[in-house]
Amino acid sequence: MTRPEISFEFFPPKTLEASFRLWDTVQTLAPLEPRFISVTYGAGGTTRELTRDAVATLHKSSGLPVAAHLTCVDASRQETLEIADRFARAGVENIVALRGDPPKGQNKFVPHSDGFAHSVELIEALAETEMFSIRVGAYPDKHPEARDFAADIDWLKAKLDAGADEALTQFFFEAETFFRFRDACEKSGIDKPIVPGILPIENWKGARSFAQRCGAHIPEWVENAFEKALRDDREDLLATALCTELCSDLIEGGVDKLHFYTLNRPELTRDVCFALGINPKTELQNVA
């Protein structure tokens, strides 16, 4: 099986304990040589400053390319581009440009009066700076706010045409979901890389709730499998097996890049990578 390129996503820490956990997570996964790591925004842009600090720290200390998430939420155009400029001055050359989720208490996204109306405007502005490699989000299952599946494809094409270089998908449970999406993208004329997003399921209850919110289809067989695994206290074993099988199916279908949503818990992601043959590269030293 071909060794895929990998990348990892983290969220910024809100406490000292969480900071240590993030650093331990990065240290655990860094030997797998990801092509980049990314740091998210909280819902509604609530961790904007934390994201900036985490990105700057990881860029200086990890030795890895770091991608900063940037959204349109609750900020003017000037404020958003100033944040991007700070990333650039810190040496960060990668941005994941997103519209962003609405702030807590709001049912839908409402643009700032002086802000970007949507992600395409943000991408266009970032592309004009010529300072960043730009990645965007994609939805193999229909986005909850999209009119239909075709509208999702059209919107992704608009984001890529606006200057984005690559798309990272929302997570999904079956390889066929991604293949169907990839085929539809190719048919629409999209020729830039689309990287499947992988969620190793550390907690089924949390993953299930997240899937329902973001529109990811949950197959009945997955529901049944986790219900049985929870009763038998084998949730981790099942999660590792299913995630490894999903990744293997994707690789066999021609996928050469995988993006893991780690939730700042490295063990399951590491175990899946090991099962795929993605191991730390070591050098022999002082061998007589």
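Below is a short write-up of the structure. On a predicted model such as this, the values are computed, not experimentally measured, just so you know.

Focus: the packing of helix H9 (residues 235-252) against helix H10 (residues 266-275)
The geometry of H9 relative to H10 is characterised by a closest axis approach of 9 Å and an angle of 50° between their N-to-C directions. Accordingly, the angle class assigned to the pair H9 and H10 is oblique. Between H9 and H10 lies a crossing of right-handed hand. On H10, the residues touching Asp 236, Ala 239, Thr 240, Cys 243, Thr 244 and Cys 247 of H9 are Leu 268, Asp 271, Val 272 and Ala 275. The residue inventory of the contact of H9 with H10, partitioned by class, reads six nonpolar, two polar and two charged.

Thoughts on the side chain of Thr 269
Mapped onto the secondary structure, Thr 269 falls in helix H10. On the accessibility criterion, Thr 269 (1% relative accessible area) is buried. Excluding residues that lie within four positions of it along the chain, Thr 269 makes contacts with Phe 8, Leu 29, Pro 200, Phe 260 and Thr 262.

A word on the pattern of salt bridges
For the structure on display, the rule yields 12 salt bridges. Among the salt bridges present, the one from Asp 85 reaches Arg 89, with a minimum N-O distance of 2.9 Å. Pair noted here: Asp 85 and Arg 89 are both in helix H3 (residues 77-89), with a separation of four residues, about one helical turn. The exposure class of Asp 85 is partly exposed, given its relative accessible area of 31%. With a shortest N-O distance of 3.6 Å, Arg 147 and Asp 148 are connected by a salt bridge. On the basis of relative accessibility, which here comes to 30%, the residue Asp 148 falls in the partly exposed class.

Procedures and definitions
Residues numbered from 1 in each chain as written. Predicted model: local features only at pLDDT ≥ 70, side-chain atom pairs only at ≥ 80, totals over all residues. Heavy atoms only, no water. Axes fitted to C-alpha atoms, helices over the stretch in contact; angles between N-to-C directions. Helix = DSSP H or I, 4+ residues; strand = E, 2+ residues; numbered from the N terminus. Parallel < 35°, antiparallel > 145°, perpendicular 65-115°, else oblique. Left-handed = near helix turned anticlockwise from the far one by under 90°. Contact = heavy atoms within 4.5 Å. Nonpolar A, V, L, I, M, F, W, Y, C, P; charged D, E, K, R; others polar. Buried < 20%, exposed > 50% of the residue type's maximum accessible area, 1.4 Å probe, protein only. Salt bridge = Lys/Arg side-chain N within 4 Å of Asp/Glu carboxyl O.

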